[in-house]
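Analysis of the macromolecular model
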Amino acid sequence: MCCLGIYLRSCGVPLKALTNKRAPMNVKHIFTIPKQAQWLFNKPELTIKLMKENDTISHKNKPRIIKKLFAKQNIEVEFIK
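Definitions and cut-offs
Residues numbered from 1 in each chain as written. Predicted model: local features only at pLDDT ≥ 70, side-chain atom pairs only at ≥ 80, totals over all residues. Heavy atoms only, no water. Phe/Tyr/Trp six-rings, centres within 6.5 Å; stacked < 30°, edge-to-face > 60°. Helix = DSSP H or I, 4+ residues; strand = E, 2+ residues; numbered from the N terminus. Buried < 20%, exposed > 50% of the residue type's maximum accessible area, 1.4 Å probe, protein only. Contact = heavy atoms within 4.5 Å. Polar contact = N/O pair within 3.5 Å; in protein donor to acceptor, adjacent residues only side chain to side chain.

1. Some thoughts on the packing of aromatic side chains
How two aromatic rings sit relative to each other is given by the distance of their centres and the angle of their planes. Tallied over the full model, the rule gives three aromatic pairs. Plain terms: the ring middles of tyrosine 7 and tryptophan 39 are 5.7 Å apart, the flat faces sit at 55° to each other, and that makes the pair tilted. Remark: tryptophan 39 occurs in helix H4 (residues 39-42) and tyrosine 7 occurs in helix H1 (residues 3-10); sequence separation between them is 32 residues. Taking the relative accessible area as the measure of exposure, tyrosine 7 reaches 10% and is therefore buried. Residue class for tryptophan 39 comes out buried when judged on its relative accessible area of 7%. Taking the centre distance of 5.9 Å and the plane angle of 85° together, the rings of tryptophan 39 and phenylalanine 70 count as edge-to-face. In this pair, tryptophan 39 is assigned in helix H4 and phenylalanine 70 in helix H6 (residues 62-71), connecting sequence segments 31 residues apart. Judged by its relative accessible area of 2%, phenylalanine 70 falls in the buried class.

Pasting the structure below:
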């Protein structure tokens, strides 16, 4: 599960709704997205950037860049080893 799936889980979206979904857009049709996660659909450019960064950046820079992108929505991200 990528950072967006983990975020949606923390917003209350059940794992079953996220299983085998490649993007948040695929979840919207099965589950009502919580209010705090609506930005994923209202700001698709940021959502797509997060998806690309998650899939393409080196492991060393991934946490820093993902934190910065989530911070644009005033969301604090913590990576746990």
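The structure having been displayed, the exposition proceeds.
2. Looking at the side chain of asparagine 54
Looking at the element boundaries, asparagine 54 is found in helix H5 (residues 44-56). Not counting residues within four places of it along the chain, the set of residues in contact with asparagine 54 comprises Cys2, Cys3, Lys62 and Ile66.

3. Quick word on the environment of asparagine 54
Accessibility expressed as a relative area gives 14% for asparagine 54, which makes it buried. The spatial distance from the C-alpha of asparagine 54 to the C-alpha of lysine 67 is 11 Å, given a sequence separation of 13 residues. Within polar-contact distance, the side chain of asparagine 54 engages the side chain of aspartate 55 at 3.4 Å.

4. As for the environment of glutamine 38
Here glutamine 38 lies in the loop between helix H3 (24-27) and H4. Each C-alpha atom, one on glutamine 38 and one on lysine 28, is 9.8 Å from the other, the two residues being 10 residues apart in sequence. A polar contact is formed between the side chain of glutamine 38 and the backbone oxygen of isoleucine 33, at a distance of 2.9 Å.

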